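# Tertiary structure, described
Residue-level listing of the chains:
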Amino acid sequence: MGQCPASIAVATGLPSGGAYQPGGTVTKPLAARRRAEHAHYRRGNGHCCGRMDFGKLSPSRGISWGPSRRTSLWWVALFLVLTALVSISTPPLRSPDEIDHIRRAYLLTRGTLVLKTGTVDGEKNTVNASGGEIDTGLDAFLMYHLGHIGKPDTADIHIRDSEYNALRWTGQTAFRPAPGTSYYLPLLYAPQATALLLGERMHLTIQDSYQLARAFSSLACFALLGLAFILYPVNLGVLALISLPMSLFQMASASLDGVSNALAIVCIAVFMRLYSSRVRNSVGPLSIWCLGLWALLSCRPHLLPMVGLPFMVYLQSRQRSQLVVGIVTLVAVLTWFWIAVSATSDPRAQLGQSASALVRQYVNHPSEFFVVLWQTLSSAENIKFYWQSFIGILGWLELPLPGWTYSVITAAGVLLLAAGIRTTSTTEIWNAGWCLTVVAITATLLVFFALLVTWTPHPASMVRGVQGRYFFIPCVLMVYAWQAPLFHMRVWQLRICSAGLLAFIAFNAIILISTLQQRYPLTWATAMLRMSN
């Protein structure tokens, strides 16, 4: 099958009324055929930009959307630049629970997959907690910055910073807890772990090793996003979600959120590509998808419904390898959770009874869960917190954006989402959308269920510990479900939406960086001085 002329016109910017010929002429018969095919696609009846274009992207099958790829990668480059600016505006370890994430990454450099249980000092006496042996130089650096969470950026702090920034690896270790990350399969900490290992082997300071971990984490995020946009064309909603202040802030840190969010987008893009194509896929790419799903779901339990994506592709394609991928992924994820739950000791959450007992209680009496959920969502204070922390409450949830910006970002985001809604497509794409919608709703419910049984004291009237950033991936699932790819729009729509998206990104970046600089004025100056030296 040759390339789809209508799609070539959209991707290359040629006028839809004719085709460019080497002699510079426009052929009318081809123009008429192009308009007919484009109308056929927009009614959702043809293969144009539908099933065949993303099965195997070659000149002989479907379209070549090279210009679309290149433009998508320009968006990735823009986000990378903005993330670098956010990084140099932010003091170390200001992302939620980033200290535990750094400890977990360091333990991965020592080959630790399952945390061990040790004794630590509690508020009243010693308690057991999951953790591992941490370099004492790294631990001193982490504990110093932990003591300054929520404090203003003052000159005397930066004088003491210079002392602690000179700390080096000691080669001696002591047990330190990291129970918040004990449930996670640590494969996604590979970028941070690689940076810390390089810093240690190259005898860098702890500060420089940490900054290297930040950089490696951000680069991994954008490498994964670039891969996702190559596998399946990006839509307006995904770009808008990535540009939210909270999302950019997390991608600029060394925590797990940035890498896990980017990998989730890759897994969703693979699903859309497979489901919208009737081309049989080889075992190699499917195995990589299986590994990606395992690494993602084993550190993000609320995304467990995504394990159903391979089964959905199997029901559509009847390709046995898809069924095998689904079964292997499900078994691997459940095996890891069984190992992690059995080995985890978390003294922070005083539940009143064990997590396993609470799971059995709510599984046997699901109405009790929905009663607690209704009471949680009936609280206007909770809804406001979810909304604001989804858009951005920075630091360890102590640094909100200016109050008026939340309404502006919400209104602009809704307009962008509405502009990108899919109106026509193929049957496969519609079915894929419904699949992703079910997964998104189930994942959202699991956010509340997981925190109810692992973090909320009982008897419970409301779910505790829920933050808006936990809903990022469910929102990504929804925009992939119901938004058309950016380059399936008409040329004039594409130009207007791209301009609006650029304005949205610029506004978010300005608000984010200005908020950070007002809170940490000396951090930017110190970073500039370090770079100049």
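The text that follows walks through the structure, step by step, so that each part is easy to find. Starting afresh in each chain, residues are numbered from 1 along the sequence in its written order. Confidence filtering applies because this is a predicted model: local features only for residues at pLDDT of at least 70, side-chain atom pairs given and counted only at 80 or more, and all residues used for totals across whole chains, interfaces and linings. Side-chain descriptors were evaluated using all non-hydrogen atoms of the structure, hydrogens and water having been removed beforehand.

### Some remarks on the overall build of the protein chain
Labels follow the DSSP assignment, with helices taken as runs of H or I lasting at least four residues and strands as runs of E lasting at least two, numbered in each case from the N terminus. Scanning the protein chain from terminus to terminus reveals 22 helices and 5 strands. Whether a residue is buried, partly exposed or exposed follows from its accessible area with a 1.4 Å probe, protein chains only, as a fraction of its type maximum: under 20%, in between, or over 50%, in that order. The burial tally for the protein chain puts 53% of its 533 residues in the buried class. Note on contacts: a residue pair is in contact if any heavy atoms of the two residues lie within 4.5 Å. Considering only contacts in the protein chain between residues 6 or more positions apart, those separated by 24 or more positions represent 80%.

### Structural notes on the sheet that holds strand E2 (residues 126–135)
Here a strand pair is declared whenever DSSP counts at least two bridges between the two strands. In spatial order, the strands read E1-E2-E3; together these 3 strands make up an open sheet with antiparallel pairing. A strand with exactly one partner marks an edge of an open sheet, and here the two such strands are strand E1 (116–121) and strand E3 (173–177). Within the sheet, the average angular offset between the axes of one strand and its neighbour, ignoring direction, is 60°. Pairing of E1 with E2, which is carried by 6 bridges, proceeds in the antiparallel orientation. From the neighbouring strand, Thr117 faces E2, where its bridge partner is Ser130. Lines fitted to C-alpha atoms define the axes here, with helix axes fitted over just the stretch in contact, and angles between the N-to-C directions of these axes take values from 0 to 180 degrees. Lying on the sheet, helix H4 (residues 98–109) is in contact with E2 and E3; it crosses E2 at an angle near 60°. Across the sheet, helix H5 (residues 136–146) is in contact with E2 and E3; its angle to E2 comes to roughly 115°.

### Structural notes on the packing of helix H11 (residues 257–275) against helix H13 (residues 309–317)
Packing of H11 against H13 brings their axes to within 10 Å, and their N-to-C directions diverge by 5°. The orientation of H11 with respect to H13, classified from their angle, is roughly parallel. For the pair formed by H11 and H13, the contact residues are Phe271, Leu274 and Tyr275 on the first element and Leu309, Met312, Val313 and Gln316 on the second. In this classification, the charged set is Asp, Glu, Lys and Arg, the nonpolar set is Ala, Val, Leu, Ile, Met, Phe, Trp, Tyr, Cys and Pro, and all remaining amino acids, among them Gly, are polar. Among the residues making up the contact of H11 with H13, the classes are represented as 6 nonpolar, 1 polar and no charged. Just so you know how the angles are binned, under 35 degrees is roughly parallel, over 145 roughly antiparallel, 65 to 115 roughly perpendicular, and the rest oblique.

### Examining the pattern of salt bridges
A side-chain nitrogen of Lys or Arg and a carboxyl oxygen of Asp or Glu constitute a salt bridge if their distance falls within 4 Å. By the definition in use, this model includes 7 salt bridges. The shortest N-O distance in the salt bridge between Glu200 and Arg110 comes to 2.7 Å. Here Glu200, found in helix H7 (residues 190–201), pairs with Arg110, found in the loop between H4 and E1; they are 90 residues apart in sequence, far enough to count as distant. Given a relative accessible area of 17%, Glu200 falls into the buried group. Judged by its relative accessible area of 39%, Arg110 falls in the partly exposed class.

### Notes on the packing of H11 against helix H19 (residues 427–454)
The contact between H11 and H19 brings their axes to 9 Å, and the two run at 145°. Here H11 and H19 pass one another in a crossing that is right-handed. Two secondary-structure elements touch here, H11 through Ile268, Phe271, Met272 and Tyr275 and H19 through Glu428, Ile429, Asn431, Ala432, Cys435 and Leu436. Class assignment for the residues of the contact of H11 with H19 results in 8 nonpolar, 1 polar and 1 charged. Handedness of a helix crossing follows the sense of rotation of the near helix relative to the far helix, less than a right angle counterclockwise being left-handed and clockwise being right-handed.

### Let's talk about the side chain of Ser182
Mapped onto the elements of the fold, Ser182 is located in the loop between E3 and H7. Any pair of nitrogen or oxygen atoms within 3.5 Å is treated as a polar contact; in protein, a donor-acceptor pairing is required on top of that, and neighbouring residues in sequence qualify only through side-chain atoms on both sides. Side-chain polar atoms of Ser182 contact the side chain of Thr344, separated by 3.3 Å. Sequence-distant contacts of Ser182, that is, excluding residues within four places in its chain, are made with Arg104, Leu115, Ser130, Trp336, Ala340 and Thr344.

### Section: the packing of aromatic side chains
Here a pair means two rings of Phe, Tyr or Trp (six-membered ring of Trp) with centres within 6.5 Å. Their orientation is stacked below 30 degrees between planes, edge-to-face above 60, and tilted elsewhere. Tallying each qualifying case throughout the model produces 14 aromatic pairs. Between Tyr386 and Phe448, the ring centres sit 6.0 Å apart and the planes meet at 70°, which makes this aromatic pair edge-to-face. Pair noted here: Tyr386 is in helix H17 (residues 380–391) and Phe448 is in helix H19, with a separation of 62 residues, a long-range link. A ring pair is formed by Tyr386 and Phe471, whose centres lie 6.1 Å apart and whose planes are at 65°; its orientation type is edge-to-face. One end of the pair, Tyr386, is in helix H17; the other, Phe471, is in the loop between H19 and helix H20 (472–482), with 85 residues separating them in the sequence. Its relative accessible area of 12% is what places Phe471 among the buried residues. In this scheme, Lys NZ or Arg CZ marks a charge over a ring once it lies within 6 Å of the ring centre and within 35 degrees of the ring normal. One Lys or Arg, Arg300, reaches over the ring of Tyr184 and ends 5.4 Å from the middle of that ring. The positively charged end of Arg422 is found above the aromatic ring belonging to Trp430, 5.5 Å away from the centroid.

### Details of the environment of Arg469
In this fold, Arg469 is placed in the loop between H19 and H20. Residues in contact with Arg469, not counting those within four places in the same chain, are Pro96, Asp97, Met246, Gln250, Asp257, Ser389 and Phe390. A polar atom in the side chain of Arg469 sits 2.6 Å from the side chain of Asp257.

### Here's the deal with the environment of Gly420
With respect to the helices and strands, the residue Gly420 is situated in the loop between helix H18 (403–419) and H19. On the accessibility criterion, Gly420 (1% relative accessible area) is buried. Sequence separation between Gly420 and Leu236 is 184 residues; the distance between their C-alpha atoms is 5.9 Å.

### Thoughts on helix H14 (residues 320–343)
Along an α-helix, residues three or four positions apart point the same way, because every turn accommodates 3.6 residues. Given a rise of 1.5 Å per residue, 24 residues ought to cover 34 Å, and the 35 Å separating the end C-alpha atoms of H14 matches this to within 8%. For H14, the full list of buried residues reads Ser321, Gln322, Val325, Gly326, Thr329, Val333, Trp336, Phe337 and Ala340. By definition here, a helix of n residues has an expected span of 1.5 Å times n minus one.

### Observations concerning the pairing of E2
Relative to E3, E2 runs antiparallel, the two sharing 5 bridges. Within E3, the position partnered with Ile134 by the bridge is Ala174.

### Digging into the side chain of Arg300
Topologically, Arg300 is positioned in the loop between helix H12 (283–297) and H13. Under the relative-accessibility criterion, Arg300 is labelled buried at 11%. Sequence-distant contacts of Arg300, that is, excluding residues within four places in its chain, are made with Tyr184, Leu256, Asp257 and Ser260.

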